[in-house]
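# Per-entry structural report
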Amino acid sequence: MSTMDARHQAVADTIAKVRRIEQEDGVTQAALARIKPVLIDLASRTELFPPEQFQVFDGSHGRIFRLAEDADHRFALYASAGLPGKAQPPHNHTTWAVIAGVYGKEHNVFYERIDNRSVPGEGRLRKTGELTVVKGNAVSFLPDDFHTIEVLGNEKALHLHLYGRSLEHLPERISFATSEGGAYKIFPASPNISTPEVTPQALKAMIRDGGELAILDVREEGVFASEHLLFAVPLPVSHLELRADALVPRRATRVVVVDEDGGALAQRAAYRLFDLGYKNIAVLKGGVRGWQKAGYELFSGVNVPSKAFGEIVEHKCGTPRIEPTELKARLDRGEDIVILDSRPLEEYRRMSIPGGIDCPGAELVYRAFDLVKSPETLVVVNCAGRTRSIIGTQSLVNAGLPNKVMALKNGTMGWHLAGLKLDHGKTQHAPAPGPEGLERAQAAARSVAGRFGVRRIDHAALARFRAEADRHSLYVLDVRSPAEYEAGHLPGSRSAPGGQLVQATDQYVGTLNARLVLIDGEAVRAVMTASWLIQMGWREVYVLDKALDGQKLEKGPEKATVLGDDAAVATIAADDLDRQLGRVTVVDLDTSLRYRAAHIPGAWFVIRARLGDTVASLPGDGPIVLASPDGTLARFAARDLAPRTARKVLVLDGGTEAWRAAGHRLEAGDEQWADPPEDVWYKPYENRGAPEQKMREYLTWEVALVPQIERDGDARFRVMKPA
């Protein structure tokens, strides 16, 4: 068990004991006498509190780390780190408190207030005792007790401070300037309460220890794509509340938060995640820069584990491929060829190989046996670049399709770079198989399941997994097409089309070593997807047998779980905003790509995480109207922004979707960027200017991932050659 997990469990056990004591004895000296040995026991486990995880900032004498806090802000536990000379004036807590030593010396002097409190803002104190808190002892305080703190000696100190209510929720706590009393003032909580850190070396060990781990990179996706850890998952601060639950459903999962330098952004995100219910959190010390300084690999791009896996599959399996020019020549000669485009329909519509049929990744084996009528037909699989072409081709080979199957080298980008014309706006989609085609596909899937060790479970086993989901993360993923999912899906499942799940696993699953249960009515797409996830290193992958038979299904799109208190905010209706354009400043919080395509006239593109800093540069002095697709993100942004500006902050009710539905005008362009467009990763063909160069760079990057993966050493790929 890692230090993070052991500390999390020990802290949870301690708080549970303390909670029972308070329930039994109330807030009394007797209760505090019982709590002290409980906290001493925790503090005495010094292995849970490595000094490198509780560092003090340069130029500071102390730092406070939050270890626990109830949702209602009760039973809050902190680790208080201090350098020699750190001191606090006489202060009370307005709640009970217990302090125990981990290491170092924290000297406490105790006082009682002796005035009759008749003079506002003034009082008198009398010393009642003192004690130096070290490992093995503790002090306790009732709400009206006063004390001072001073770190003695020449060594850094760390002490556990346990309160009946969190520091940020003690608005009447006061401090006196002197030990005799006199004037007093409100004693606020530190504005920089932190989350414990882990070193790059400790994180490297966690990646390899087999336990559950979510590495969350909280920078914007475009920044993330420049450099990041191999198994980091992009979860920008801008979207924490909207995406965290889907990526990391279990709140006790070990979470390490990463940013550029282990600084303010990571601490901000970790603090917010804690408030959203994630209690086992740490920040990577030094961020990606610290990781690099430790001698570890950083990767560019997105979906790197999946992309690298595709390259290794091609190398290990000898996946056959065809050059664009050769394919074009064969087509021109009228040869019997079927081109299957393994991308989702939206991508296929944007650009496709002439004559290509849309058949997304996991659909290939499911539909190909019926679609390809003759065993003499050449089957060519393509995507935009390389990965889905390779995986799709190898899927058909592994499934025993009797045809010759080849991957189009470099996909639509390779076709374009060869000077060949692409189609646009096509809608031809491979049909679902008939009875004979389905039977052949299912037989092929059974063979694949046997060769690659795909495990099946029944609904009773899934129920057991659900009951254990608070101890072992569970992802129930429907790998059928989005249309089939919306027509009827198992409650609690998420839509994750199989081809995309393999191509971009980190967009669906944020926890390493989690359980994955795949759903597919015909048990073809789920088996093929599982066969690849197993080879990618996912140890617990299951296919739900008879997944949809006789089950009560839900209809409609996936319902995302949004976390956090959606506080009431002032709103403005679309029609009212239309009448006030020019007198208000509109801020668009959608992605830069969608902003560029369509936004409210005059709106400024702003990244939500940077809104507090950007607001000063926005024009005007009237109200600010925040717009996001459905208004949800804007409501969270309004809560963040209100304390940072004197301007009135409004949220567009229903978001830009409501604006569009009301028939109001939208405009395109990118003339009003308040922030640089680095919120998302731009695909090569989405970049303006020299797209061909971006395509070449991208294709070169994919191939170069293999040696980099080998240097990193953490990938658990185990590619099996076809029989």
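Residues numbered from 1 in each chain as written. Predicted model: local features only at pLDDT ≥ 70, side-chain atom pairs only at ≥ 80, totals over all residues. Heavy atoms only, no water.

Reading across the sheet, the 5 strands line up as β12-β16-β15-β13-β14 and stay open at both edges, with parallel pairing between neighbours. Each having just a single partner strand, β12 (197–198) and β14 (232–234) make up the two edges of the open sheet. Pairing analysis gives 2 bridges linking β12 to strand β16 (residues 281–284), with the strands arranged parallel. Its bridge partner lying in β16, Val198 is registered against Leu284. (Pairing = 2+ DSSP bridges. Helix = DSSP H or I, 4+ residues; strand = E, 2+ residues; numbered from the N terminus.)

Another point: the side chain of Glu220. Looking at the element boundaries, Glu220 is found in the loop between β13 (214–217) and α4 (221–224). Among buried Asp, Glu, Lys and Arg side chains, Glu220 stands out as unpaired, with Arg610 the closest opposite charge at 5.3 Å. Among all residues touching Glu220, those that are not within four sequence positions of it are Pro236, Ser238, Ile607, Ala609, Arg610, Glu678 and Asp679. (Buried < 20%, exposed > 50% of the residue type's maximum accessible area, 1.4 Å probe, protein only. Lys, Arg positive; Asp, Glu negative; His and termini not counted. Salt bridge = Lys/Arg side-chain N within 4 Å of Asp/Glu carboxyl O. Contact = heavy atoms within 4.5 Å.)

On to the packing of aromatic side chains. For the coordinates displayed, the defined rule picks out 16 aromatic pairs. When the centroid spacing of 5.1 Å and the interplanar angle of 85 degrees are considered together, the rings of Phe54 and Phe65 count as edge-to-face. Separated by 11 residues along the polypeptide, Phe54 in the loop between α2 (29–43) and β1 (62–68) and Phe65 in strand β1 bring together distant segments of the chain. Taken as a pair, Phe54 and Phe65 share a single burial class, namely buried. With 6.0 Å between their ring centres and 40 degrees between their planes, Trp681 and Tyr698 make a pair best called tilted. In this pair, Trp681 is assigned in the loop between α23 (655–661) and α24 (691–712) and Tyr698 in helix α24, connecting sequence segments 17 residues apart. Each member of the aromatic cluster is reached from another via a ring pair, and the members are Phe49, Phe54 and Phe65. Sitting over the face of the ring of Tyr296, Lys204 holds its NZ or CZ atom 4.9 Å from the ring centroid. (Phe/Tyr/Trp six-rings, centres within 6.5 Å; stacked < 30°, edge-to-face > 60°. Lys NZ or Arg CZ within 6 Å of the ring centre and 35° of its normal.)

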